[in-house]
Structure formats: C-alpha cells, structure tokens
Amino acid sequence: MAELSMMIYPWDLQADTPERVVDEVAERGVTRLQIATAYHSAEVLAPRRTARVSTVAEANRAHLPLPADAFTGLSVRPSSIAQTDPDLYPRFKRAADAAGVAVDGWAIAFHNTDLATAHPEAAIENCFGDHFTHGLCPSSPAARTYAIELLDAVSATILFERVLVESLSYLLVGHGHPHELWGARLDATTRYLLSLCFCTSCISRAHAAGIDAERLRAQVTTELHRTWNVEHPAGRDDDTVAALASLHMVWPELAAYTRMRMDTVTDLVIDAAAAVRRHGVQLDVSAAVWGRPAPTNWLEGVDIAATLAHSDGFVLESYFPTAGEVAAEIDHTLAVRGLSDTDDTPLTVALTVWPSFSPTRADFLAKVEAVLGCGIDRLALYNYGTATAESLSWTRDAANLLGGRA
C-alpha cells in the first residue's frame, strides 16, 4: 500500500503544537509521521517560524519518556522534553489518530557521543588504539544490549505501528561535529581503514571467524602511516570506492574482516526485530549513515540483502542533488533484493524537502518521479521543521503524484 510519510522532531511539536502540525501535514497528503524518540546532536533552523527559529537540541537524549528500569547497563538520559512535557507524544498520537495519520517512532542507536565518551570500552577503537567518541561499536556486548533495550522500550510504549532504527551499524570517521581537523588524506580508502574497529569484541569475533585480526591491525596501521606520509611530488588524486574494493581482492584479511562486520550487524538486526515484534510493532532499518549511496552501505557493515531478509522494511535516505543519483541507488537496491529473493520486503525512499538539495519544485518532483518510476510506492520526506514555506508545499505535489495510492 502506497504511503507518504514525513519525519519530524519533538521540539517542532512543542513550537507549533501537535494538533497544528498534524493538520498541516494531513492537508498536504501525508499519511504517516515518523517522530524522533532518541536522537543525537543537532542545531536546527526552522525557516517558516519567526520565533524559536534556531534550536540547539539536547544532545544524545531520549525525548520520549522511557521507564527508569528500561536499561540494565548503558542508558540514554531523558531530555527536558521527556521530563517536563511527558504528554507530548501521547497528545501527538491522539491528534494523528483523529486525522487518520499513522505514527512511527524513530530511534538513533549507536550514534551517541555521550555514551561513546563515557564508555570507551564500548566505542569504536581504531588500529592505533584510539577510541572515537562519535559512535558505539556493534560488536560490543554492552552496546548491543543498549540498542536492543532502547528499541524494546520505544516499542513498549504502544504509541507506534513501526519503529525506524538508524545507525545500527559501524559508523565511519567523519562526524561533522565538533570541528574536525584533517590535513592528511581522508578519502575512501583511508577513511575506511581508519574507521575499522579493533576493540576486544571485534577481535574476538574475528578470531571466531578464523581471521588473524592482529595481523590485519598491523597491516592497516602500516598502510595508513605509509600513505599519509609518503611524498607525492606530482600530487595524488583521492581514492574512490573502486580503489578500496580493489584492495579487498588482494587483501584477504581485509575482505574477511569486512564480511565479519556485515555479519555482526545482521545478527543485531535479527535481535532488534525480535525485540520490537514482541510488542506487535514492525522494525524498519535505515541504510548506512555515512556509507552512502546504497552500493557502499557495506562500509558500515550494512548487508542490504540480509537486512531485507530479517527486517520489516528498509529505508534509503536518498539525499542526493539529482534524480539520476536517486534512481541509481534504488536500482542497485532492487537488484540486490531480486538476487536475494527478498521481494516481499518493502522499500521506503526518503528525500529532503530542502532547496539546498532541490533548488526548484521541478528538481524535487523529478526525484519523486524517479522513485515512482522504479516501482517504489513508499516515500518519506525529511523533514517538517526544516522545510521552507515553498518547499513544504511540494508535499502536496508528491501526494498528487502518488495519486490514489497515497
């Protein structure tokens, strides 16, 4: 069944009221809303308002009130929204039900700087032994338990038909916040090698898979040091993902480690799906956070075929400037789905309603046409609060293109 959904933040509900937000999107043809429940950091501009235009979200917090005993180890702290406005989500749910709009929860799993900083033993550890603070490691038992307990708690509220989980994978280096300083090469190859986690949990999983993780770690360390410091008198273009893929063909330890990472994430998807289904809720899984487009999801350990097989839906965040890029990502995913016999698992394609990505209405609608032309009838828009007055009006055009299916 076709649907048009829109992603939304709780602070926009507070600013504009749940009832007004639901009415505004419903009259534009939106049939489903996906609201952030646990989120990382954000500094957000709301261009349609003349007050509360700039919001600095409380970083790494749960905005949806969750039970105090929801977590047995790592836990996400409640935001001021959760503490002072506990009826916000139920009120939003009531307004949506009255308007005939479905509601989904949206939760961020491993992208949590507070937890990665406070618990370095559960964070990503590079080949040099440095712990990154932008993400938890999917191999870490503590991090895995946290992710499952988070999704279980969000689903147990019985507010949502589906839960969308994002960052349930190995995050790449390149957080974007705070100010990061890179003078050396950080292209496809060096970024991936630097992002590889060699924590004790990853090494243990590698050993179980018959991989000499210590040898690989030494090789990665040597290669990064070499390529960062060797002189290139004639200059050197950055590597593309094709160069990195070529390395996998001649570097068996790297290829096996990449496969191990994908299996690790897949096992977690299976556990996450079981956790939410206990509450009669379906699990949608987001594609990789930074390992985009879809053909490079493996950079974060996302196995598209396995995710399709074990989840209730797969979401491509096709935040690209052109319709051709959107179509290419969808076509690759459809090829994977066809080859892996997972045709029954629905795909959702998310597009931004930002003039910075689609300068004109025609540019945006060309992307919608590309989605529909690929046979996809689930479209998500990112997002309510950040859209301009003009770009928000494109929502109705998207609904019209979906026609009687939306």
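We now turn to the structure provided with this report. Only a predicted model underlies this, so the values are computations on that prediction, with no experimental measurement involved.

Conventions used here
Residues numbered from 1 in each chain as written. Predicted model: local features only at pLDDT ≥ 70, side-chain atom pairs only at ≥ 80, totals over all residues. Heavy atoms only, no water. Phe/Tyr/Trp six-rings, centres within 6.5 Å; stacked < 30°, edge-to-face > 60°. Helix = DSSP H or I, 4+ residues; strand = E, 2+ residues; numbered from the N terminus. Buried < 20%, exposed > 50% of the residue type's maximum accessible area, 1.4 Å probe, protein only. Axes fitted to C-alpha atoms, helices over the stretch in contact; angles between N-to-C directions. Parallel < 35°, antiparallel > 145°, perpendicular 65-115°, else oblique. Left-handed = near helix turned anticlockwise from the far one by under 90°. Contact = heavy atoms within 4.5 Å. Nonpolar A, V, L, I, M, F, W, Y, C, P; charged D, E, K, R; others polar. 1 Å grid on protein atoms, 1.4 Å probe; cavity = no way out; pocket = protein on both sides within 12 Å on 5 of 7 lines; lining within 4 Å. Points joined across faces, edges and corners; volume = space filled by probe spheres on them. Core = buried A, V, L, I, M, F, W, Y, C linked by side-chain atoms within 4.5 Å.

**Points about the packing of aromatic side chains**
Here's step 1: Applying the stated criterion across every chain, the model contains 15 aromatic pairs.
Here's step 2: A centroid spacing of 6.1 Å and a plane angle of 20° characterise the contact between phenylalanine 128 and tryptophan 228, whose relative ring orientation is stacked. With a gap of 100 residues between them, phenylalanine 128 in the loop between β8 (123-125) and β9 (131-136) and tryptophan 228 in helix α9 (residues 213-229) connect regions that are remote in the sequence.
Here's step 3: Owing to a relative accessible area of 36%, phenylalanine 128 belongs among the partly exposed residues under this scheme.

**Describing the packing of helix α6 (residues 141-156) against helix α11 (residues 252-277)**
Here's step 1: At a closest axis distance of 9 Å, the pairing of α6 and α11 adopts a crossing angle of 30°. In terms of orientation, α6 lies roughly parallel with respect to α11. The chirality of how α6 crosses α11 is right-handed. Across the interface between the two elements, Arg144, Ile148, Leu151, Asp152 and Ser155 from α6 touch Thr264, Asp267, Leu268, Asp271, Ala272, Ala275 and Val276 from α11.
Here's step 2: Among the residues making up the contact of α6 with α11, the classes are represented as six nonpolar, two polar and four charged.

**Details of the layout of surface pockets**
Here's step 1: Quantified by volume, the largest pocket comes out at close to 820 Å³.
Here's step 2: Lining the largest pocket are 30 residues, and of these Tyr9, Tyr39, His40, Trp354 and Tyr382 sit closest to its centre.
Here's step 3: Contributions of two or more residues to the lining of the largest pocket are made by β3 (42-45) and β4 (54-57).
Here's step 4: Residue contributions to the lining of the largest pocket peak at four residues, all from β3.
Here's step 5: Within the lining of the largest pocket, the residues separate by chemical class into 18 nonpolar, eight polar and four charged.
Here's step 6: Estimates place the volume of the second largest pocket at around 150 Å³.
Here's step 7: Broken down by class, the residue content of the lining of the second largest pocket amounts to three nonpolar, six polar and one charged.

**Looking at the nonpolar core**
Here's step 1: In terms of nonpolar packing, the biggest core is built from 134 residues, with Tyr39, Trp106, Leu136, Leu168, Val220, Tyr257 and Leu351 touching the most fellow members.
Here's step 2: With 11 residues, α11 is the single largest residue contributor to this core.
Here's step 3: Every residue in contact with valine 220, bar those within four places of it in the chain, is listed here: Cys127, Leu193, Leu196, Phe198 and Trp251.

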